[in-house]
Amino acid sequence: MDGLPPPLEGVTVVAVEQAVAAPFATRQLADLGARVIKVERVDGGDFARGYDTAAAGLASHFVWCNRGKESIALDLKDPRGLDVVRRLIADADVFVQNLAQGAAARLGLDAATLCAAHPRLIAVDVSGYGSGGPYADKRAYDMLVQCEAGLVSVTGTPGQPVKAGIPAADIAAGMYAFSGVLAALVRRGTTGRGGPVEVSMLEALAEWMGHPLHHTIHGGTPPERTGLAHAVIAPYDAYPTADGSRVLLSVQNDREWRRLAERVLGRPGLGTDPEFATNAARVRHRERTDALVGEALGALGTDEALALLEAAGIACARLRDLRELNEHPQLAARERWREVGSPVGPLRALLPPITLPGGSEARMGDVPALGEHTEALLRAAGMTDEEIAALRRDGVAA
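This text gives an overview of the structure that appears in the document. Note that this is a predicted model, so its numbers are computed, not measured.

Turning our attention to the overall build of the protein chain. Per the secondary structure count, the protein chain includes 17 helices and 13 strands. Seen along its three principal axes, the alpha-carbon backbone of the protein chain occupies a region of about 85 × 45 × 45 Å. Counting all 398 residues of the protein chain, 46% fall into the buried class. Here the contacts in the protein chain between residues at least 6 apart in sequence split such that 67% fall between residues at least 24 apart. Carbon together with sulfur atoms contributes 55% to the accessible area of the protein chain, which is approximately 19700 Å² in total.

With that settled, the discussion passes to the pattern of salt bridges. For the structure shown, the criterion picks out 21 salt bridges. Between glutamate 275 and arginine 288 there is a salt bridge whose closest N-O contact spans 2.7 Å. With glutamate 275 in the loop between helix 10 (254-263) and helix 11 (279-284) and arginine 288 in helix 12 (residues 286-298), the pair connects residues that are 13 residues apart, well separated along the chain. Look at glutamate 275 and you get partly exposed, because its relative accessible area is 32%. Close ionic contact of aspartate 394 with arginine 393 constitutes a salt bridge, the shortest N to O distance being 3.3 Å.

Among the nonpolar cores identified, the biggest contains 37 residues, and Val13, Val94, Val96 and Val124 are the most heavily contacted of them. For this core, the element with the highest residue contribution is helix 7 (residues 168-191), accounting for nine residues. Residues contacting valine 96, with those up to four places away along its chain left out, are Val13, Val14, Ala15, Val16, Ala22, Thr26, Val124 and Val126.

At a minimum axis separation of 7 Å, helix 1 (residues 21-31) and helix 7 run at an interaxial angle of 45°. It follows from the interaxial angle that helix 1 and helix 7 lie oblique. Between helix 1 and helix 7 the crossing geometry is right-handed. Facing Ala21, Phe24, Ala25, Gln28 and Leu29 of helix 1, the residues of helix 7 in contact are Asp170, Ile171, Ala173, Gly174, Met175, Ala177, Phe178, Val181 and Leu182. For the contact of helix 1 with helix 7, the class distribution of residues is eleven nonpolar, two polar and one charged.

The next subject is unusual backbone geometry. Across the junction of alanine 234 and proline 235, the peptide omega takes the value -5°, indicating a cis bond. By the element assignment, proline 235 lies in the loop between helix 9 (210-217) and strand 9 (236-240). You will see that alanine 19, though not glycine, has its phi angle at about 65°, which is positive. Inspection of the secondary structure assignment puts alanine 19 in the loop between strand 1 (12-16) and helix 1. The phi dihedral of alanine 56 falls on the positive side, at around 55°, and the residue is not glycine. With respect to the helices, strands and loops of the structure, alanine 56 is situated in the loop between strand 2 (35-40) and helix 2 (60-65).

Here the focus is the environment of glycine 371. Relative to the elements of secondary structure, glycine 371 occurs in the loop between strand 13 (347-350) and helix 16 (374-380). You can call glycine 371 buried: its relative accessible area is 13%. For the pair formed by glycine 371 and valine 42, sequence separation is 329 residues and the distance between their alpha carbons is 7.9 Å. What glycine 371 contacts, discounting residues up to four positions off in sequence, is Ser71, Ile72, Ala73 and Ala398.

Secondary-structure assignment places asparagine 66 in the loop between helix 2 and strand 3 (69-73). Among the residues examined, asparagine 66 registers a relative accessible area of 0% and is labelled buried. Considering only alpha carbons, one finds asparagine 66 and glutamate 361, 295 residues apart in sequence, at a separation of 18 Å. Those residues within four positions of asparagine 66 in sequence are excluded, and the remaining contacts are Glu17, Pro23, Arg27, Lys38, Asp46, His61, Asp366, Val367 and Pro368. Of note is the side chain of asparagine 66, whose polar atom sits 2.8 Å from the side chain of lysine 38.

Further remarks concern the sheet that holds strand 10 (residues 246-250). The strand order across the open sheet formed by three strands is 9-10-11, and the pairing between neighbours is antiparallel. At either end of the open sheet lies a strand with only one pairing partner, and these are strand 9 and strand 11 (315-318). Going across the sheet, the axis of each strand differs from the next one's by a mean of 25°, ignoring polarity. One ladder, built from five bridges, connects strand 9 with strand 10; its direction is antiparallel. Bridge pairing in strand 10 places alanine 238 opposite leucine 248. Seen against the sheet, helix 13 (residues 302-311) touches strand 10 and strand 11 and runs at an angle of roughly 160° to strand 11.

Quick notes on the rules
Residues numbered from 1 in each chain as written. Predicted model: local features only at pLDDT ≥ 70, side-chain atom pairs only at ≥ 80, totals over all residues. Heavy atoms only, no water. Helix = DSSP H or I, 4+ residues; strand = E, 2+ residues; numbered from the N terminus. Buried < 20%, exposed > 50% of the residue type's maximum accessible area, 1.4 Å probe, protein only. Contact = heavy atoms within 4.5 Å. Areas by Shrake-Rupley, 256 points an atom, 1.4 Å probe, with all protein chains shown as cover. Salt bridge = Lys/Arg side-chain N within 4 Å of Asp/Glu carboxyl O. Core = buried A, V, L, I, M, F, W, Y, C linked by side-chain atoms within 4.5 Å. Axes fitted to C-alpha atoms, helices over the stretch in contact; angles between N-to-C directions. Parallel < 35°, antiparallel > 145°, perpendicular 65-115°, else oblique. Left-handed = near helix turned anticlockwise from the far one by under 90°. Nonpolar A, V, L, I, M, F, W, Y, C, P; charged D, E, K, R; others polar. Polar contact = N/O pair within 3.5 Å; in protein donor to acceptor, adjacent residues only side chain to side chain. Pairing = 2+ DSSP bridges.

Written out as structure tokens, the structure reads:
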């Protein structure tokens, strides 16, 4: 079975996309072998290109979400630019858009319209809140949706709610759009028909809120914000070590607590002490429990503490920053790092987490410059030299 082709080889995707949610979804498709044609504005392109210059002069968001795509820059407000997109869609398997609510419909690029015209097409609408309801037209940015979905209410410390440090709502919507496309491709393989796919950031993130949501609505109380600690398990937190780092550990049951008490804390009596012997007791006496663990680990270096915890069979982790993630020994041992091309030269990037043993490695293509593929795509769409020159002269293509 060696040498299997990329699973989405032969699939063509056209995306009128910006920011994170839709670009993240289509990048997954590109990594699996799909051809992704990214339609961008002529005046600056995807606005994520301007978020920062941290990636050797390019925007880190854009580098992350857009490798392996072909960029064509068009003015969709001009009928000639819109005609080019329609020509590209006519030969595509998938269309993805995350324009502002109502904009795609005004252009005739909403899923319902496109699927009526192209029965085999899979057309994906990614939005903040969905196509109907009182929030349909509300502006939706990641932090705002994190608030609306309740994620911020369970993240942070008792005195301070905080948003997640990554764009969780964007990523959730992107991953459901990605899996929605895969499901629709399977269905088309058996029925011959494509169809619309609709994903909203709010509904995607609300699904990810399942545990605290079910805990609350079925008779419990909303989980308290506990920082790195766990609301209903103790000890479960990050504890300082002697060399200034932190080690996180989690005791999942009372057997583990007894091993921790004996082999790490050096106080086997705590394993049967009624004030600590059960998880319920340890949670009631959380401050004392944490103080006991903190005292023991605070006398050890990080490597020594982790070795003791591992030997005792206690789940543990090093609290790493992003530079340490870049140097993570597990990622290095599994050879997960690659280089991708870009307008500023090679950039370091992680292999996508979907591994298909026996097949081709993920296709990690270059990060495109704005309009890098405009000429080739216009020619492929049947445009003549004179038509292409006119589009460029009039600012319809770039």
